[in-house]
Structures are given as structure tokens and as C-alpha cells.
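Okay, here's what each chain looks like letter by letter:
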Amino acid sequence: MELEPVIGLEVHAQLKTKTKIFCNCSTQFGRSPNENTCPVCTGMPGVLPVLNFQAVTFAIKAALATGCKIARESRFDRKNYFYPDLPKGYQISQYAAPIAEHGHLDIETQKNGAKTIGITRIHMEEDAGKLIHDPVRARSMVDLNRTGVPLIEIVSEPDIRTAEEAGAYLRKLHTLLKYIDVCDGNMEEGSFRCDANISLRPRGQEKFGTRTELKNLNSFKNVEKAIRYEIDRQAYVLEEGKSIIQETRLWDPNKNKTASMRGKEDAHDYRYFPDPDLPPLIVDETWIQSVAKLMPELPDQKMVRFIEQFQLSVYDATVLTSNLDLADYFEETIKGLSDIKQAANWTMTTLLGMLNAKGLNITQSPVTATAFSTLLKLIEKKAINAKTAKNVFEQMVSSCKTPETIVKENGLEQVSDHSQLEELVDKIILENPDEAAAYRGGKTKLFSFFMGQVMKNTRGKADPKIVTPLIKSKL
Amino acid sequence: MDLHTLTMAQAQDLLSRGEICSVELTQALLDRIDLYDDRIGAFITVDKSCALAQAKAADERIAKGDNAPFTGIPIALKDLLCTKGIKTTCGSKILGDFVPQYDATVVAKLKKDNAVVLGKTNLDEFGMGSSTENSAFKITRNPWSEDHVPGGSSGGSAAAVAAQFCCGALGTDTGGSIRQPASHCGVVGLKPTYGRVSRFGLVSYASSLDQIGPITRDVRDAAMMMNLICSHDPKDSTSAGVQVPDFTKALKENQSLEGMKAGIPREYLEVEGIDPGVRSIFEQARKVLENLGVEIVEISLPHTQYAVAAYYILAPCEASSNLARFDGVRYGARDSDSQDLLEMYKKTRSQGFGPEVQRRIIIGTYALSAGYYDAYYGRASQVRTLITKDFSKAFDQCDFILSPVAPTPAFKIGENTKDPLTMYLSDIFTLSANMAGIPGLCVPAGFSPKGLPVGIQMMAKRFDEMSLLRAGFGFERALDLKTSFPVL
Ligand SMILES: [Zn+2]
């Protein structure tokens, strides 16, 4: 019996507001414990929540970017449970009436190609705090800096079938939220978190199997690994003739396996009910329109434009639009250039290669887009050749000097003078009669020997486009 | 001059004319509290030095001539309102020695005027009760008859005003907690429209029903207090962004109430167990209003019979969630012997909350549980909608609704404590106003044969406190109760 995995993902994305969702405390990460707190977010008696409308605007943006239908009236509910990181004893969340529903995200995987994943809903909620366990004195401490930080939870339909698709969905969503500038996407700091619901069913069967929920998936790689592991685990259990237990399982990235965290019988009854401290959230057409006006070009739109406007391949356009800063860098670079394909290659191999090696992101690049563009212009003008340009690029990285300065200081201008090069080629043939004879006798591989000699004599500055026909004709 | 007999309006007049100073007025009231509050038990906390310092500051402001309406006027606050730097107990052990770092918005408004906060008054724990017997600290006695309760939950505030310990007080009302003790203590109590007064700093019992309001010696003082406390507050999302009128404009001497219509709900008079004394005072009040030119019409509030049941689902549901924050983790009392988290929660909350609060938390938790939500919270919410509709229909026929406040005068201390259901039923005339979010005013209307005060209630449509104050003021002047204060 062939089993088909059914996967749904729940993503918690922290909204990039300056202040928390129901009070004026800062959301800045990395402050000392409980520095970002006030009576409201620490659940003091008598205080009341006041909704941060910037958070709503960000949620609307996310809804528009995922094609969701935005509710004219949504509501905040209370999710009741006791835990020391939850100061009020309830979390304010949108349960019964979320701000947005019925969206979708288009993904592409190597194996399954293009596919649309449905988005069930997007709702707003507040984050909880953090417990810090002190092993020495066997006690726990509470840090409420994160309490009340605004989140959106984006729930997918159970449309995902493979770990690869789950990875593609998450990467796409991650890119999208960063593009529209509502989430910084920092997974280590917990700004983008994912839970996965997984079940298996015999292929062709409509009814879902019993699912497990995976938590603690804090990187794209872990999501895919954990899902693969869980699919295999469930398949093994089913093939043994046993049944899956509905439970929450925790991914252990060190042991590379999932382990049961709590069963269904330990599941909380959250006793949701409408929060009487907050009136219904009304989002009218004017609000939606004003947010729509702020929407930047989305990744898919940008990719299509890159293909049409710059005649780039699908692959190149996909890479270059995979993050907004990179796309902006690229567009800045190609201003005034004519060979866009060359610029794309340089960006993807030389520039990104350097950044990857240094562990930097594009915004931290030691080479600015303007300087990078100047370098490419020098190649286009044939002022330097490609090989020299690599050399200049390396010096740009280490010295931060402009490419012109580097070229001038090191006398790297390309030698393109035809008569000067002809003289040199004649001289080299004359000085190497054996090699010349061998070439003429059919050993055409020796072409590179002569090219090497020319480059050696010009310290790599000769224009190969001139030298190549010269060598061939003279020999 | 007996300074303690002054109403807020009289005190304001004398203070602004420099005939008395706030320090002497405050001292006179503090002396009276010293003398009698051991017997009455109106206050949980009296901060003498703080009160006198505030009085001194008020006098300095008056001397400069830039006094505000409440400058120098001594006020008492129900101990459910947060006061910066002054212990706020909510009548509960669970708050321990909790001292807020912030003032409730209404308290901040009083302080901005340089009013004097005499102290914090006793209450049923977290506002849950109708007799002030559910306080963790003390019982409060009715100043008219010390073996009777003052009503509740704002019993301390009502008793303090009746005993002339303060010029006026603030209470809170979730199902009658201002109006019922005002009736039992022979003072004026007004529950404003939901959203009129900011709830910021009011420790929530049932957020969708709670409202802060004045408890005063007369209707004029209630209007004066309303002018101070009503406003939109950005810190309370449920506070209304409506225009606040000058409420004292509703008060005109010798004005006729000609043209006003008062509705008497048929269903209210059919309620079982209305004390004959209450009934006859109500009839008398009706005649007084008729003599003032008010036309009396019979109206119907057909869903009245479901109000108590629905209320005692909704209020506990909200309470069970609102009181979850009292968990021993960040502030207040904590059981320190517990070995693990769950035990700490259980012991802290079992020891910290009194039996009535625990009862309501359990009812609310149960009613919100999976599988019960629709049957309880859902249906109770539907009843609430129906009751609200009843009222809006009724106000097509009349300007205000006239009713008793409570079925009986104050009962004896301990008389009802073993029977919560009877206690709950005594809220029948008041809690509908909270369900519908409409304002309700209690004005003293007479005395029972045993000499206990009895008030009448007037309710108007949302944001129409002006009609209540106008009718209440006219009624109060026409009735002219001579013996309006008890002899201690
Ligand atoms: Zn805060």
C-alpha cells in the first residue's frame, strides 16, 4: 500500500512594529530581561490592552500579498491557560474571526514543479514571554520582553505533500514577508517560526490519517529534515500494523529525530471567548486601499519583470529576486550597463560567492552596487579584461578603493592596441620556433601556450578578443 | 459648622470663597473616621498623612486662585481602583501588599484637580457580592442600623458617604454594585453608560459589565462627579468617543418634569419576594413624580425572567479569565512551600481567593469549557442581546424607566451568606442595566418601617444620564427627606 503524506504548516511571523501589539513597549530584541515591559504587558491588575494599528496594517499587507480575503470585521479572543510566561493567564489571539482567510502561495519544486498551496487563514496575536532555567540554583526566571510582541499566524491548507514542498513554501513565504517589509525573518531570534502538521493516508483515500504536530523547527533545513523523519516514522508505525497517536512532537536537531512532547489527553482546553476589553476590529475599504498603495512589487511580479525587461533566464531571475535587497542591488548595478547577462553572472557567481565565503548578506557587502557597476562598465568598455576584473574585484573587497583607482594604481588597463599586440605575437612566435612548428603540425592545443606567453608579457592585460585571431592568423 | 455634613458642592463653594480650608475639612473627616470607623468598617486603608499633604497642596492652589472643581474636596475610593503608591487590595488576600505603580484614569483626574483621597473603601472581594460580607478583611456595617449590611459590592463607599466620612466617593457597578448599596445606605448612586467612564485602573471583574460611578449625598454632587470622571480615554479601548455634556445643566431648581414619560416595567412588579415596605415606597415615589408632571406608562421588558441566569453565566465567564492573572508569579501572595508550578498555582489561588470568588471562577471556567460554550456563554450572550433590544423598544415609549433598586431593604449581617442564590436574585432590578450598557441612577426615596433607607432606580437609554439627573434632581427636591443622615 502506497502512503501519501499530508502536510499543513503554521507559521508565526513577528511583525516589525516598533512597539508591542497592546502597549507602547519597545519590541527591540536583545535588551536585558524585562527591560521592555510595562504594567500592561506584565498583566498588572486593572490595566487594559490598546491595539497597535501599525500591526493591523502589517497584517493587511501580509493578507494582500497572499491573496487573502480581508474580513471587514474581525475579533480578538482570549486563549486561556496558565503558564509563568503568560502574565494575564490568557493570550489575546484571533480565534473565531481572523483578519484574513482564503489565500494562496505559488511554489515550485524540482520534483513536483509548480503548485499552489492554499492559505486557510491569517490571524493576529500577541507573543508570550520566555522562561530561563537556572540549573545551578534549580529555579526558573521569567523574561517578559517578548510578551505582547505582535505576531501573525499564517495557517496553510493541508496541500503540501513532500518535505521539499514544505521547504519551498516556507522559503517563499519568508521571502514574501521580508519583501513587503512586515517581518525581519530572523529565524534565530524567533521572528519566523514554524510548526508542521503531518499525517499519512493510502494514496487515493480522501480521509486524512491521524496527524502529529511537529514543533521546534527553527530553520528551513530542520523543517525538511524533521518532516522527512516524521513521514518515515509514521510509515514505519503504519506498516507495523500499529496506529499513529495524535500528539505534539518535538524535533531534536542534535539527535535528528522527533520525540513525543504531549499527547491529546494532555491538550489544553483553552476556553476561547471574545476579549471584552477589545471592540471588534473594523477594517474598511479605505484602509485596505491605503495599504494596497504601499505594497511593493512582489517577488513573483519582480521575477517576471526581470525576465521580460532584462531577458534573463528563469533561473537567473529567480535567484536575483530571491531577496529584495539583492534585487535592489542588482537593479542599481545594471544602471547604465548594456550587457545585463554578464552583470547577472558576475552578481550571482563573483559577488554572491564572495559574500557566501565571508558569511555576509547583501546589505553588508563591502562592494557597493555603484562600485560594482563601475567595475562592470570597465569590462564593457574593454578597459580591462575579465581576468583583470576578477583581480580588481578582489582588491575592491579588501581595500574598498574604487575600481578606477585600483586599475590606475596597478597599471591594469587592457592592452587593445592592435599593432602593439601584433608586434608582440610576432616576437613570441619567433622566440618559440619548436612550439610554432608543432602547432602548425596539428598540435592546436598549443594555442593556449601562445596566449599564455602574450598574457605573461602584458601582465594579463592583453585583450584576448584581439590576441586570439592574431595568434591564429600568424601561425 | 459641622464640616462633615458638607456636600461636595457646598465644600467647593466654601473652599473657593476661602471660608474653609481643605486641611481643616480633611482633618475633620479623618477625625470622624477615627471616631466611628472601628464600628462601621467602611475603610480598608486610610492614609492620613498622604490625605493631609494633598489637602495642603490643594489649599496652596486655591490661594493662588487657580482651583479646579474638585480642588481640596475629600473623596473615598472603592478599593478596586488602582492608586499609585497606595495599597490596592480588591478586598482580597491574593493581592497581598500590592501597591500599583499607576493611578486609575479616574484617580488621575481627581489628582489633577488636587482632590484629596482619604482612603480606600471596603468591598466584596473583586466586586463579587451584594453585601460587602465577601471582603477578606472586614465586614462593613450599615450606618443606619449596624446589624445590617450596607449592600454591595461598593458597600464601603456607600457606608462612608452615609456615615459622613467623606464628601463623596467612587464605586464600581457590574450588576448593581453602586445602586444597591446606595439604596441600602440612603445615598445617591449612579452607574453611567458603559463606555462613559474609563475602566483603566479598575481591576476587572467582568469587563463588559463593569463601570465606575459616583456615590454621593445628593444628585447635584453626582452630576458634579460625572463632569469630572466622564471622558474618552485612549488607554481604554471600550471607552466611548462621545461628547460629554455639562451634567450640572440638568439641575434646575423648581423645574417641572412636565412632558417626561416614565415607564414602569410590568415584569418588575411581578417579581416574587418584593418587600411590602419597598413596594409602598415605590408607589409613593411614583406619585411624587406624577405630581411633578411625569406621565407614567406601563412598559414591558419581556426577557427579564432570564436576566439573572444569563448574568450569572456571563459575569463569571469573564471573571474566570480576568482573575487568571492572580497566579502568584509576578505580584501578590504566593504559596512558598509548593514543590512545583501546578501546586503553587493551586495553593496560591485556593488560599488567596475567598469562597464566593472561587465559586464564580469555577462557574465561569465550566461554562467556557469545550462542549459547554454554546449552551452557556453562547445562549447567555443571546439573552443579553434580547434584553438590550427590550430596553431600546421600551425607550421608544418613555424617557426613563422607574423601578425599585432591590426587592428588600438592607438585610441583616449573615442572613443571606449561606444562600448565594437568594443573594443573586436580589440583583434582579439592577443587573439588566449592565447587560444593556445603559445608565442607572439610585435616589433615596424613603425608609422602611424598621427605619432602613430605600431608594428608587431610574434607567435611561445609552448616554442619556442627563434625563436621569434631571428627573432624579426634581424627585429629590420634591421629596425633601428631612432625616437624610444617620446618627452614629
Ligand atoms: Zn508593555
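Here the residue numbering is sequential within each chain, running from 1 through the sequence in written order. As they are written, the chains are lettered A onward and the ligands numbered 1 onward, keeping that order. Local features are withheld for residues below a pLDDT of 70 in this predicted model, meaning they are given only at 70 or higher, and side-chain atom pairs are given and counted only at 80 or more; totals for whole chains, interfaces and linings count all residues.

So, on to the overall build of chain B. When you go through chain B residue by residue, the secondary structure sums to 16 helices and 11 strands. We compute the radius of gyration over the C-alpha atoms and compare it with the globule rule, which gives 2.2 Å times the number of residues raised to the power 0.38. Its C-alpha radius of gyration of 21 Å places chain B within 12% of the 23 Å reference for a compact globule of 488 residues. Neighbour counting defines burial: a residue surrounded by 20 or more other C-beta atoms within 10 Å of its own C-beta is buried, one with 12 or fewer is exposed, and intermediate counts give partly exposed, using backbone-placed C-beta atoms. Classification of the 488 residues of chain B by burial places 60% in the buried group. Residues are treated as contacting if the C-beta atoms built from their backbones sit within 7 Å of each other. At a minimum sequence separation of 6, the contacts of chain B that also span at least 24 residues come to 76%. Strands here are runs of E lasting at least two residues and helices are runs of H or I lasting at least four, both read from the DSSP assignment and numbered beginning at the N terminus.

Once that is clear, we can look at the overall build of chain A. A tally of helices and strands in chain A yields 15 helices and 16 strands. Scaling as 2.2 N^0.38, a compact globule of 475 residues should have a C-alpha radius of gyration of about 23 Å, whereas chain A reaches 30 Å, well beyond that. Looking at chain A as a whole, 38% of its 475 residues qualify as buried. A fraction of 69% describes how many contacts in chain A between residues 6 or more apart in sequence connect residues 24 or more apart.

Residues and elements named next belong to chain B. Strand pairing is assigned whenever DSSP identifies at least 2 bridges connecting the two strands. Reading across the sheet, the 11 strands line up as β1-β3-β2-β4-β6-β5-β10-β11-β9-β7-β8 and stay open at both edges, with mixed pairing between neighbours. Each of the sheet's edge strands pairs with one partner strand only, and the pair in question is β1 (43-46) and β8 (295-299). Across the sheet, the mean angle separating the axes of adjacent strands is 30° when strand polarity is ignored. Across 3 bridges, the pairing between strand β2 (residues 74-78) and strand β4 (residues 168-173) is parallel. Within the sheet, the bridge partner assigned to A76 lies in β4 and is A169. Each axis is a line fitted through C-alpha atoms, and for a helix only the stretch in contact is used; angles between axes span 0 to 180 degrees, taken between their N-to-C directions. In this fold helix α3 (residues 48-64) packs onto β1, β2 and β3 (116-121), with an angle of close to 155° to the strand it touches most, β3.

On to the domain arrangement of chain A. Residues and elements named next belong to chain A. Boundaries of every domain are those given by an automatic assignment or by a domain database. Split by domain assignment, chain A resolves into domain 1 (3-290), domain 2 (297-410) and domain 3 (418-474). A separation of 32 Å is found between the C-alpha centroids of domain 2 and domain 3. Note on residue categories: nonpolar means Ala, Val, Leu, Ile, Met, Phe, Trp, Tyr, Cys or Pro, charged means Asp, Glu, Lys or Arg, and polar means any other residue, Gly included. Per-class residue counts for the side of domain 2 that touches domain 3 are no nonpolar, 2 polar and 2 charged.

Counting residues in hydrophobic clusters, the biggest one holds 247 residues, and the most contacted among them are A59(A) and I75(B). Two domains each put at least three residues into this core: domain 1 (3-290) and domain 2 (297-410) of chain A. With near-sequence residues (within four places) excluded, I75(B) lies in contact with L110(B), A115(B), V116(B), V117(B), L118(B), C166(B), C167(B), G168(B), A169(B) and L170(B). Joined through C-beta atoms within 7 Å, a set of buried Ala, Val, Leu, Ile, Met, Phe, Trp, Tyr and Cys residues constitutes a nonpolar core. Counting residues in hydrophobic clusters, the runner-up holds 10 residues, among them L421(A), L446(A), V454(A) and A462(A).

To continue, consider the packing of helix α9 (residues 276-291) of chain B against helix α16 (residues 465-479) of chain B. Angle between the axes and distance between the axes: these two values describe a pair of packed helices. All names here are of chain B. Across the interface, α9 lies against α16 with an axial gap of 10 Å and an inter-helix angle of 105°. With respect to α16, the axis of α9 lies roughly perpendicular. Judged by residue contacts, V288, L289 and N291 of α9 engage F475, A478 and L479 from α16. Tallied by class, the residues present in the contact of α9 with α16 amount to 5 nonpolar, 1 polar and no charged. Roughly parallel refers to an angle under 35 degrees, roughly antiparallel to one over 145, roughly perpendicular to one between 65 and 115, and oblique to any angle outside these ranges.

What follows deals with unusual backbone geometry. A negative phi angle is the norm for most residues apart from glycine, just as the trans form is the norm for most peptide bonds. Geometrically, the link from G152(B) to S153(B) is a cis peptide bond, its omega value of 5° lying close to zero. Position of S153(B) among the secondary structure elements: in the loop between β3 and α5 (155-162). Despite not being glycine, N256(A) has its phi angle at roughly 55°, a positive value. A positive phi angle is found at F126(B), which is not glycine, with a value near 55°. Its location among the elements puts F126(B) in the loop between β3 and α5. You can call F126(B) buried: it has 31 C-beta atoms within 10 Å.

Here we come to helix α5 (residues 299-310) of chain A. All names here are of chain A. In this model, α5 (12 residues) spans 16 Å end to end at C-alpha, consistent with the 16 Å of a helix rising 1.5 Å per residue. Residues of α5 that are buried include every one of P299, K302, M303 and F306, and no others. End-on view of α5: buried residues confined to an arc of 105°, all on one side of the axis. In this structure, the buried residues of α5 make contact with α2 (163-179), α6 (314-320) and α7 (324-333). Directly after α5, the chain includes Q311, whose backbone phi takes a positive value near 55°. Between the first and last residue of a helix there are one fewer steps than residues, each counted as 1.5 Å, and that sum is the expected span. To be clear, the arc concerns the directions from the helix axis to the C-beta atoms.

Taken together, the 33 residues of chain B in the interface contact 27 residues of chain A. Of all the elements, helix α10 (residues 304-322) of chain B adds the most residues to the side of chain B that touches chain A, at 3 residues. Residues of the side of chain B that touches chain A, tallied by class, amount to 16 nonpolar, 10 polar and 7 charged.

Now for helix α9 (residues 369-380) of chain A. Structural remark: α-helix, 3.6 residues per turn; residues separated by three or four positions point the same way. Residues and elements named next belong to chain A. The end-to-end C-alpha separation of α9 is 16 Å, in line with the 16 Å expected for 12 residues at 1.5 Å each. All of the buried residues in α9 are F372, S373, L375, L376, L378 and I379. Looking one or two residues past α9, K382 carries a phi angle of roughly 60°, positive in sign.

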